[in-house]
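# Observations on chain architecture
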Amino acid sequence: MTIESDDIAPALVQQHSAGERNRGDTAVMNGDASHDQAEEADSKQDGNADADPAEDANEQEVIVIQDTGFTVKIQAPGTEPFDLQVSPQEMVQEIHQVLMDREDTCHRTCFSLQLDGNVLDNFAELKSIEGLQEGSLLKVVEEPYTVREARIHVRHIRDLLKSLDPSDAYNGVDCNSLSFLSVFTDGDLGDTGKRKKKGNELEQIDCTPPEHILPGSKERPLVPLQPQNKDWKPMQCLKVLTMSGWNPPPGNRKMHGDLMYLYIVTVEDRHVSITASTRGFYLNQSTTYVFNPKPANPSFLSHSLVELLSQISAAFKKNFTALQKKRVQRHPFERIATPFQVYSWTAPQIDHAMDCVRAEDAYTSRLGYEEHIPGQTRDWNEELQTTRELSRKNLPERLLRERAIFKVHSDFAAAAMRGAMAVIDGNVMAINPGEETRMQMFIWNNIFFSLGFDVRDHYRELGGDAAAHAAPTNDLNGVRAYSAVDVEGLYTLGTVVVDYRGYRVTAQSIIPGILEREQEQSVIYGSIDFGKTVVSHPKYLELLEKTSRPLKVQRHAVLNEKDTAVELCSSVECKGIIGNDGRHYILDLLRTFPPDLNYLPVEGEELAPESQKLGFPRQHRHRLACLRQELIEAFVEHRLVPLHIFDQKYSKTVLLVNWMHFNILCNIFTDPKSREVVLNACKAVGSISNTSFDIRFNPDIFSPGVRFSDDSTEDIQKQKQLLKDAAAFLVSCQVPSFVKDCLDHSSLPMDGATMTEGLHQRGINMRYLGTVLEFVDNMPAKAQLEHIYRIGIGELITRCAKHIFKTYLQGVELSALSAAVSHFLNCLLSSFLDAVAHLPADELVSRRKNRKRRNRVPGGGDNTAWASLTPSELWKNITSEAQSYYHFNLQCESVDQAVEKYGLQKITLLREISIKTGIQILIKEYNFDSRHKPAFTEEDILNIFPVVKHVNPKASDAFHFFQSGQAKVQQGFLKEGCELISEALNLFNNVYGAMHVEICACLRLLARLNYIMGDHPEALSNQQKAVLMSERVLGIEHPNTIQEYMHLALYCFANGQLSTALKLLYRARYLMLVVCGEDHPEMALLDSNIGLVLHGVMEYDLSLRFLENALAINSKYHGPRSLKVALSHHLVARVYESKAEFRSALQHEKEGYTIYKNQVGEAHEKTKESSEYLKYLTQQAVALQRTMNEIYKNGSNASIMPLKFTAPSMASVLEQLNIINGIIFIPLR
């Protein structure tokens, strides 16, 4: 597995170095990979008697990877030797990382590891080092510094000083992001929790939530979104650490070994000047204005800056030690970098502190880890393509390849984003500076940037700027599709689309040699003028032919300008260019998928009746509307289901034939009769072949400017029909099936993003949002879809606002940005009707002078037109945008009408618009409803972030393991399922590093299995990781995070940590109120959980408030006769029983009993249980009545029978919790 190629080694060196070993805590990373191989091999022999051989081979390979780890001893200067668990495929580099993170060795960066006096090579794998074995002693030896090493040292020390400081997470830099779980658990989880006394837990719990969390509260505060973390009170170690103004050292001092000078102010206010030299760090005699590089007396020469500072500042020594203790106690997942940057839409006011490293980074084009790489700037194209060329014959090779692809990709996305911001902020010189700003193109850090405008009327026939804005995302979808098919020898460009400050920027890696030649010479396949001139190339046809089946693209011929037919296997816009590196690149993949005829009116073409009756075709902004890949796949699958209708006799055989296995057909059907059946079947589904079901689309049909030869007329007609069928399938099948899924709650969108995801999974584009909403509105069961309608309307309004905001921002100059954004938000959300914009005063003076400078940065417009926007005008624009883009009739002229009519929440709208446009606002309470002053001032707008779209490379092997694990679990083989999923976790970690959305899903499922199999502590530990990861990777209030919090609360309760369980549930409820409000089916589940836990801790009245709210919501969304409602009645009855209010208890239980009797019949165990409980309640009620009568009759000397008022047992509460959370304990097979 060693890598020869120079180009790629640097990319792999970084291999998630931090995440890899997870700070020496091996178990965290490897999903406890320590189980014995022997045991694993045994279990595989029993469990997989029925597994297919391929999967078996896969598992054998996995065992190969997990070579058993061994322990080495590490001896660092000034510390006791300690043991470290390592694995043979690790690099020496990774031990370095662990040492730089350990509390006692974290201040060392410039050292080598030596075994018996021999220096170990940093990039060698441990298994390749002679003599390294169990128990070997590795010595840490301090090495002399170089300028590079000194810089790395200072940077590392600064990172250690800032390790608890959240400002990087708020500012969205270096892949830091927020996490608040530890605030609610107080470190209660895991080991620390077990040590606490459990006995007297009941007395100490304060169960009353803040007022705004209680059912029925209308208040939606914003501040609790980011609770104060007491760890963040900064422990100041130094006042200032910065580069000195005396840098760089003059020649004579260089020859004394001076590398650079630092200026430091200690907490005690001592100002010192420090020299970093080859031997280490020492005090010199310079002051701010006098240069005297001689060592001070004493000079305190130390190899590490920390050792030096600890000697000159007592406060530094004390606070630095305390800080590192705290840092190491934090869960690793709170501090590992995420693979892609996550931004927070709210932030507190943070002090801007002096920071030498940040200042230096801002003025160099350093990106991520450039300084570790020889030759400074990275050749992104070479790295992206070389990683694709790595071998993929067996599992270890595939893992290495996927990990390299993923790593380079996330680095490229970060670089592209940084470059796009630099371009829009005007910090990059254009390569064609003479042109007007819209037409400029840029190159920065080996990435090519272009703006999403229609330059040179390229898209004139397709919709101008609207088409130019849509093309990059279409192109990105094409790149995504071709990368996923992953054909050897066919290359796509690294592509990232960034929306920032109202501009759309496309960032692409650069094909070697393309800048030196004219495009006409380079393109040897496809067309550069939308099909007027077309060329083809045999090698491209051969490569693209391999992609045509998975992407369902039909090979077809088009006519060129000389009327000769040219064979293509893609759309005409798709261009093939052979780079100077000899690789075959394809670019401009914007029409990879066929056009959407519902939004492409063509003269003389009639759509299917299903489309027509919904008012299609409709005029769209541009002519690039295409169907999604998910739709094409659903359509093809849908076509293959009804095949058995052709001939009952052969139905079995025909049904078995999937379109992938088309060659089987010819072998099965030899007699002419059945051949005919197949032929008819193929015709009926619109297959391109007569002997197999193989549906493919011609992406060039209806493209303006593309011509086909006369002899293909019949085929073109077929293709047109296929497209009409697909468009009809979208509106007549997919939209109803989405709504049906929402109705039976198998799809539960909570906010705009999860709704968008749900629609996209069914292949429905967001331009159909209006159609979906109308469909919901006309449903008989409309009341049960109220949440969907509300989320959809909110999404529609914020998307329209986003479209308007985009053009609004383009006319704002940088100095007025915060004023303009706050003015826009006031017009959108504030009830104050005459929102007046505040123009920055000094801007008004210098207007005249600026006129002459023609060549401004994009967005340097001299206009203050934005300031004249009024709320009524903005809402008028939103309703007309809704009409013209979504063909939906919004009936509101102001935000208050919208809130009133559609039941929206202003805080939810604020969250949605901020996330969509990248705005970050100050976290405080906003008074949206004041009629006297606007809600936002310009001080409330803290930042504006880019919104980034990119390809997500997948870990394919890990995903297969995950899926087969899920399948095993569904068949009831929990233990085997659990093993497969642990294995998947290992492989995911191997490819993605420690943090990723898919790892999150893996951990959640693993925790659930641990829980079902009775291992509560393990469930708790895995779910804690899932929550932390969800907060870090998806966001602190993402719907998935809310669900993770609920699962964690259940496992906490099962572990006896009741107060923590309640805190987590209250947090989940608060987040849900902000994200979607109280009226949502998922809120019923949450409130049932809270009510049950409160019942368990004997807070009966509070418990009833939550359980009765859950009952109301369940009745609304599941219908009054559903089993969920019966269960809700039962839970309420139990609390009334505990309060000894038997009449109310009986009333609720009777309701529940009636539902059970009607739904599942008298004989069902649920009905019997309910009837038993009714009897018991009646007895209790009668007993109580007797006692009361006795008291009335005989007064105080009555002989009273003791009544059983029992607090519910924890076991019974847990049993109910399991039932409502859908956890069923199946007997293990």
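Above this note sits the structure.
As a starting point, this report considers the structure included with it. (Residues numbered from 1 in each chain as written. Predicted model: local features only at pLDDT ≥ 70, side-chain atom pairs only at ≥ 80, totals over all residues. Heavy atoms only, no water.)

## A word on the overall build of the protein chain
Within the protein chain one finds 48 helices and 23 strands. Residues counted as buried form 57% of the 1229 residues belonging to the protein chain. In the protein chain, of all internal contacts separated by at least 6 residues, the share reaching a separation of at least 24 is 71%. Total accessible area on the protein chain stands at roughly 52900 Å², and carbon and sulfur atoms take up 53% of it. (Helix = DSSP H or I, 4+ residues; strand = E, 2+ residues; numbered from the N terminus. Buried < 20%, exposed > 50% of the residue type's maximum accessible area, 1.4 Å probe, protein only. Contact = heavy atoms within 4.5 Å. Areas by Shrake-Rupley, 256 points an atom, 1.4 Å probe, with all protein chains shown as cover.)

## Looking at the sheet that holds strand 20 (residues 584-587)
Where strands meet in a sheet, backbone hydrogen bonds hold them as pairs that are either parallel or antiparallel. Spatially, four strands are ordered 13-20-19-16 in an open sheet, and the strand pairing comes out mixed. Of all the strands in the sheet, the pair left with one neighbour each is strand 13 (490-492) and strand 16 (523-525). With direction set aside, neighbouring strand axes in the sheet form an average angle of 45°. As defined by bridge partners, strand 19 (residues 575-578) adjoins strand 20 across four bridges and the pair is classed as antiparallel. Residue pairing across strands places I578 opposite H584, the latter belonging to strand 20. (Pairing = 2+ DSSP bridges. Axes fitted to C-alpha atoms, helices over the stretch in contact; angles between N-to-C directions.)

## As for empty space enclosed by the protein
Taken as a whole, this structure holds nine cavities of 30 Å³ or more when the rule is applied. The computed volume of the largest cavity comes to approximately 150 Å³. The wall of the largest cavity is formed by 15 residues, among which R790, I791, G794, T908 and V1075 lie closest to the centre. At the level of secondary structure, the elements contributing two or more residues to the lining of the largest cavity comprise helix 30 (786-810), helix 36 (906-917) and helix 42 (1058-1076). With four residues, the single largest contributor to the lining of the largest cavity is helix 30. Split into classes, the residues belonging to the lining of the largest cavity amount to six nonpolar, five polar and four charged. (1 Å grid on protein atoms, 1.4 Å probe; cavity = no way out; pocket = protein on both sides within 12 Å on 5 of 7 lines; lining within 4 Å. Points joined across faces, edges and corners; volume = space filled by probe spheres on them. Nonpolar A, V, L, I, M, F, W, Y, C, P; charged D, E, K, R; others polar.)

## Here's the deal with the sheet that holds strand 12 (residues 447-451)
Reading across from one edge, 11-12-15-14-23 is the order of the five strands in this open sheet, with antiparallel pairing throughout. One side of each edge strand has no neighbouring strand; the edge strands of this open sheet are strand 11 (441-444) and strand 23 (947-950). Between one strand axis and the next, the sheet turns through 20° on average, direction left out of account. Two elements, strand 14 (residues 495-500) and strand 15 (residues 503-509), share six bridges in a ladder whose sense is antiparallel. Paired with V498 across the bridge in strand 15 is V505.

## A word on the pairing of strand 20
Residue alternation in strand 20 divides its side chains into two sets, H584 and I586 and Y585 and L587, and both sets are buried. For strand 13 and strand 20, the ladder comprises three bridges, and the chain directions are parallel. The residue bridging L490 from the neighbouring strand is H584, located in strand 20. Count of turn residues in the strand 19/strand 20 antiparallel hairpin: five residues, of which G582 carries a positive phi of about 80°.

## Some remarks on the packing of aromatic side chains
Tallied over the entire structure, the rule returns 30 aromatic pairs. Arranged with centres 6.0 Å apart and planes meeting at 85°, the rings of F453 and Y503 form a pair that is edge-to-face. In this pair, F453 sits in the loop between strand 12 and helix 19 (464-485) while Y503 sits in strand 15, placing the two residues 50 residues apart along the sequence. A relative accessible area of 6% means that Y503 is categorised as buried. Centroid distance Y599 to Y768: 5.1 Å. Interplanar angle 80°. Geometry classified as edge-to-face. Here Y768 lies in the loop between helix 28 (752-761) and helix 29 (769-777) and Y599 lies in the loop between strand 20 and helix 22 (609-612), a separation of 169 residues in the sequence. Side by side, Y599 and Y768 carry an identical accessibility label, which is buried. (Phe/Tyr/Trp six-rings, centres within 6.5 Å; stacked < 30°, edge-to-face > 60°.)

## Quick word on the nonpolar core
Core analysis: the largest hydrophobic core is formed by 266 residues, its most contacted members being I878, L890 and I921. Considering each element in turn, this core owes the most residues, 14 residues, to helix 42. When neighbours within four sequence positions are excluded, L890 is seen to be in contact with I793, L796, I797, I878, T879, A882 and Y902. By size, the runner-up hydrophobic cluster in this structure holds 29 residues, among which are M260, L305, L309 and I312. (Core = buried A, V, L, I, M, F, W, Y, C linked by side-chain atoms within 4.5 Å.)

## Remarks on the pattern of salt bridges
Summed over the entire model, instances satisfying the criterion amount to 70 salt bridges. Ionic pairing is found between R460 and D457, a salt bridge with its closest N-O pair at 3.7 Å. Assessed through its relative accessible area of 58%, R460 is described here as exposed. For D457, a relative accessible area of 47% gives the class partly exposed. Residues K906 and D929 are paired through a salt bridge, measuring 3.0 Å at the closest nitrogen-oxygen approach. With K906 in helix 36 and D929 in the loop between strand 21 (919-922) and strand 22 (941-944), this pair connects stretches of sequence that are 23 residues apart. Given a relative accessible area of 8%, K906 falls into the buried group. The exposure class of D929 is exposed, given its relative accessible area of 52%. Each member of the salt-bridge network shares a partner with another, and the members are D751, E795, R799, R911, E912, K916 and E1037. (Salt bridge = Lys/Arg side-chain N within 4 Å of Asp/Glu carboxyl O.)

## Side note on the environment of D258
As for its position among the elements, D258 is in strand 7 (residues 258-266). Of the residues examined, D258 reaches a relative accessible area of 2% and is grouped as buried. Sequence-wise, D258 and F281 are 23 residues apart; in three dimensions their C-alpha atoms are separated by 9.6 Å. Here D258 is in contact with P249, R253, T275, A276, S277, Y282 and P293, once residues within four sequence places are set aside. Within the structure, the side chain of D258 is placed 2.8 Å from the side chain of R253, a separation counted as a polar contact. Of note is the side chain of D258, whose polar atom sits 2.8 Å from the side chain of Y261. (Polar contact = N/O pair within 3.5 Å; in protein donor to acceptor, adjacent residues only side chain to side chain.)

## Comments concerning the environment of A507
As for its position among the elements, A507 is in strand 15. Distance in space between the C-alpha atoms of A507 and A416 is 5.9 Å, their sequence separation being 91 residues. Discounting residues that sit within four places of it in the chain, A507 has contacts with F412, A416, I447, F448, F449, G494, T495 and V496.

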